[in-house]
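Okay, here's what each chain looks like letter by letter:
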Amino acid sequence: MVTHRDVLLGGVARLLWGPSLVVAVSLIVKGYTDVGDGFAAGVVVALGISLSYLALGPEGAERVLPFLRHSPLFLVGGLVLALTAGFFPLALGEPLFSHHPAPGEDVVHIGSLELFTPLLFDLGVFLLVVGVLSVLLHQLATVDPDAGSQADEPPADQPPDDGASGRADAGRAS
Amino acid sequence: MSNPSEVEGARAETTARAGHGGPASDRLGWAASALALAAFAGCLAMWAAGGGAWSAPWVPTLGLRLSFSLDGLGALYALLATGIGVLVFAYGTSYLSLHLAHEHRPARERWRFWPWMALFAAAMVGLATAQDLVLLFLFFDLTAICSYFLIGFDRAEQDARRAALMALLVTVVSAVALLIAAVLLYVTYGTFAIPELIDRAGSGTATTVAAALMAVAALAKSAQVPFHFWLPKAMAAPTPVSAYLHSAAMVAAGVLVLGRVHPLLARSEAVLTGLQIVGFASIVVGGVLALSQDVLKQVLAYSTISQYGYVVLLYGIGGATASGAAAFYVLAHGVAKSALFMTAGAVTMSTGEDRLSRLGGLWHRMPVLAVSAGVAAASLAGLPLTAGFFKDELFFDAGREAGRLTTVLAVVAAVLTLGYIGRFWRLLFLGRPRTEPAAVPRMLVAPVAVLAVVSVLAGLFVQPFAALAEAAGSVTNDAAVSVSPSYHLDARPANLMAVTAWVLGGLLVTLPRLPERASALLARAGDRLGPRRGYSASLRWLFRISDAVHGREVRDLRTSIAAVLVPAGALTGLAFLVTPTVGAYAVGVVAGSDWLILPLLCLVAIATLVTARSRDRLTIVLSLSVVGFALSAVYALIAAPDIALVSVVVETTLTLVFLASLARLPGARPTPGRTDSSSAPPGVRGARSRPRWWSLLAGGVAGLASFTAIWGFLSAPTGAQGIAEEFIRRTPEAHGLDVVTVIITDFRGLDTLAEITVLLLAVVGVATLLRRGKLW
């Protein structure tokens, strides 16, 4: 049942998707010189995604934005990127989060975008936030077809839970 | 083992395996054995070359070092652990294959066994050579963790799981005492290093308390009264585990610690007296209980309690003679006791029986095992021509030096030992054959024979063993010790005491009725009043309390929130009470942008009240987002644009998600004035019937506490926040203009990393709850 309101909302969601990306990119680009950083940029993108979910429904949103299927990859990739950016100085014998170029050295600028390792870290945060929020949206929006039956009856193939029975054992230990 | 068909199966498999040389297939076990052999050879070579020490900084700020030293004591225990390890591992290669086949478990289960055994051996060597209290504690706990997995190896059996948990709890909880003692000594004397502590520590309250705490940890580990109850239970472990952990390694770790820190213990007369009392109580309780046990390994378990009681008694006596005697005792006992454990395992494997009352007359069927076990038993009982004779001679000498009471105690101890171990061997190998044993695989007998040969060799050429004990005793005594046992064919007191013990012990063996009855009586009394009941009761109470707290906390959403807010509010209130408040709270002046902030805050207050009062879901969601957006505006006005930006986007997302999830909620909306009891789940009904004042109280406590906390914070002069200025000053250096971004990615980057990792964990949690862990 599609009402004209859904159509309107859907149109708005599609229209806003582009600008939200632009805003996110600008937040990252000028992250070091002005308000905003990877986290805010990630939430802005997620905002666009959640609007699509709301307007088009889970299937529609995931059809229009096919990259959403790779959200778990963003999630893990973002963390790995952030970890790398934070920990690579260990390989050079420096403390964690010693960013390069070091203080006092020159940094390559492209407009207000500075090319240095904190940018990598910021990108990692951005990817992770986008991944986290889109996975959460997906989890909350789509109903697992067999989730209901699982909730009602515990699966028979589950092995006896060691932790729980150990706890019970200890309680009854004589 | 009680099920006859299982027993038949085991025997058939035993025969089959024995015929086909199966044990050789346990490569993993042989690898562990080879490792132990290499370690043994390494330790021996190093010790022969005059020992050695290795040290590296670990946590320099605390003065912690990874310092190991192969001194006399370290060499004794390292050689014991690795040497017996080689034999027990070799035995285990055969035993484990049979055990797994008997229980119809796949051969890959070996991977749940051998790595723990090898790690255990390594931990023992580490413990023996560690020269630092924190290191000592770490290895101490490492052995306990290994033992947990090894005792619980038969994890399908409830008894094994309970026993594993009991051993873990008793030894690990008491090990905390060792850590507390270490910290106490560090605070008092400024070092964790044991040699320096021995130099610096005087006899004061701190030293006494620390010594007592260390003694408690060590006594629990060595299964001494009143912590002894875990050891007989731990016999649920496979035999190689008992033969290793419960004779020469895990329980030896306790007396090892006593021997290592003995100079500190000796600063306090009270601690030494306590050791004597515990030692003697363990000798008697273990010895008497061993007299009536029916299950083979139980006899040996109680015997172990009793035997380590000897060592603890010797450490309690202290001084040169006792220190040397204790070291020699550990050596002789470890060799004999592992041999006896392995004997029990071999007998059970071959006959399918594990009770003395169903066994007997095995002498004719397994002569090699009978002779080897006989030698080991004789060594334990202190008969001549074995290492045991010298251990008793040294024990008698030390007891006699310490006074008349300990002289009598020493003889009583020896009588009990001869009594129970004589009974063990007699019932096992003599008398009428009651079973038809299958052939025993060679690998189940050979290690016992090797240990028996070692016992006899030590009984004939005692000098190298005595030299090792001498070196170990010197460490314990912190002064030179001379251990020179030898045979004297004269009527010296030690010989008279030995003869008395043999005669009385022989009487115990030949007239078993009365002692068995007395022992059974003690066992019954112990079951009714013993410390194990205390253990069970305290566990039960812990679970009851935990269940009660948990049940209250998660009853419904309100109690879950209150469980966080009320304690937080109460703690803040407590802080409010104990900190000076005069002048800490200021009322400022309203000026400039404040005239915008004030109405916004009023809006927040109104929206909050609407949220709390409303029953309509949509109204709740919308008023909540009013709260959020108004607060974002406040942030923007008080010059925190970064927070305002994040706040706005997060609020928007939350509102969208809330609206979206409204569609997923069950349709029945609670209408005001009517409680919909037919469709509401029980939890909701419970929440409705809860008194309103309780919710008001919880909200009031939390709200007031945060109000005062924030007021106090805002009243504080801004000059106190030095770190913020430092951040601002250094931001250009980090190539940035926006301080917040630089803090997030650079200055406090590690914090950010931890926080985003939490985000990932939260997603995994949601996925686990909603879709069994599927992320997409």
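Sequence order as written defines the numbering, with residues in each chain counted from 1. Chain A is the first chain written and ligand 1 is the first ligand written, with later ones labelled in order. This being a predicted model, a pLDDT of at least 70 is required before a residue's local features are given, and a value of 80 or more before pairs of side-chain atoms are given or counted; all residues contribute to the totals for chains, interfaces and linings.

1. Quick look at the domain arrangement of chain B
Worth spelling out the cut-off: Throughout, the edges of the domains are those of an automatic or database domain assignment.
Here chain B is partitioned into domain 1 (4-511) and domain 2 (718-776). A straight line from the C-alpha centre of domain 1 of chain B to that of domain 2 of chain B covers 52 Å.

2. Observations concerning the interface of chain A and chain B
Going by this rule: Residue pairs qualify as contacts under a 7 Å threshold applied to their C-beta atoms, which are placed from the backbone. Helix and strand labels come from DSSP, where a helix needs a run of H or I of at least four residues and a strand needs a run of E of at least two; each type is numbered from the N terminus.
Each side of the interface is counted separately: chain A has 53 residues, and chain B has 49 residues. Going through the elements one at a time, helix H2 (38-64), helix H3 (71-91), helix H4 (117-141), helix H5 (147-152) and helix H6 (162-172) of chain A are the ones with two or more residues in the side of chain A that touches chain B. Counting residues per element, the side of chain A that touches chain B draws most heavily on H4 of chain A, which supplies 12 residues.

3. So, the packing of H2 of chain A against helix H27 (residues 641-662) of chain B
The test is simple: To define axes, lines are fitted to C-alpha atoms, for helices over the stretch in contact only, and angles between the resulting N-to-C directions are given on a 0 to 180 degree scale. Between 65 and 115 degrees an angle is taken as roughly perpendicular, under 35 as roughly parallel, over 145 as roughly antiparallel, and anywhere else as oblique. By convention the crossing between two helices is left-handed if the near helix lies anticlockwise of the far one by an angle smaller than a right angle, and right-handed if it lies clockwise.
Contact geometry for H2 of chain A and H27 of chain B: axes closest at 9 Å, N-to-C directions at 25°. When the axis of H2 of chain A is compared with that of H27 of chain B, the two are roughly parallel. By crossing handedness, the relation of H2 of chain A to H27 of chain B is classed as left-handed. On the side of H2 of chain A, the interface is formed by Phe39, Ala40, Val43, Val44, Ala46, Leu47, Ser50, Leu51, Tyr53 and Leu54 of chain A, while H27 of chain B contributes Leu645, Val646, Val649, Val650, Thr652, Thr653, Leu656, Val657, Leu659 and Ala660 of chain B.

4. Here's the deal with helix H26 (residues 617-637) of chain B
All names here are of chain B. Stated precisely, the cut-off is as follows: Expected span, for any helix, means 1.5 Å times one less than how many residues it has. Put plainly, a residue is buried at 20 or more neighbouring C-beta atoms within 10 Å of its own, exposed at 12 or fewer, and partly exposed in between, counting only other residues' C-beta atoms, which are placed from the backbone.
Taking 1.5 Å per residue as the helical rise, H26 with its 21 residues ought to reach 30 Å, and the 31 Å between its terminal C-alpha atoms agrees with that figure. Listed in full, the buried residues belonging to H26 are Ser623, Ala630, Leu631, Ser632 and Val634. For H26, the elements touching its buried residues are helix H25 (594-613) and H27. Residue Ala639 follows H26 closely and has a positive phi angle near 65°.

5. Re the pairing of strand S1 (residues 53-59) of chain B
The two faces of the sheet receive side chains in turn, since in a regular strand these alternate between them. Residues and elements named next belong to chain B. Rules: The pairing criterion for strands is at least two bridges between them, as found by DSSP.
S1 sits mainly on the outside: 0 of its 7 residues count as buried. Pairing of S1 with strand S2 (residues 64-69) involves 6 bridges; the strand directions are antiparallel. Across the sheet, residue Ala53 finds its bridge partner in S2, namely Ser69. Connecting the antiparallel pair S1 and S2 is a turn made up of 4 residues, with Gly63 showing a positive phi of about 70°.

6. Concerning the nonpolar core
All names here are of chain B. What counts is decided by this rule: What makes a nonpolar core is a set of buried Ala, Val, Leu, Ile, Met, Phe, Trp, Tyr and Cys residues, with links drawn between C-beta atoms within 7 Å.
In terms of nonpolar packing, the biggest core is built from 213 residues, with Leu314 and Phe328 touching the most fellow members. If one sorts the elements of this core by residue count, helix H15 (residues 319-351) sits on top with 19 residues. Setting aside anything within four residues of it in sequence, one finds Phe328 in contact with Phe390, Lys391, Leu394, Phe465, Ala466, Ala469 and Val483.

7. Considerations on the packing of H26 of chain B against H27 of chain B
Residue and element names in this part refer to chain B. Applicable threshold: Polarity classes work like this: nonpolar for Ala, Val, Leu, Ile, Met, Phe, Trp, Tyr, Cys and Pro, charged for Asp, Glu, Lys and Arg, and polar for all others, with Gly in that last group.
Running from N to C, H26 and H27 point in directions that differ by 175°, and their axes come no closer than 8 Å. As summarised for this structure, H26 and H27 are arranged roughly antiparallel, according to the angle between their axes. Residue-level inspection shows Arg617, Leu618, Val621, Ser625, Gly628, Phe629, Leu631, Ser632, Tyr635 and Ala636 of H26 in contact with H27, the latter providing Pro641, Ile643, Ala644, Ser647, Val648, Glu651, Leu654, Thr655, Phe658, Leu659 and Leu662. Here the contact of H26 with H27 is built from residues that sort into 14 nonpolar, 5 polar and 2 charged.

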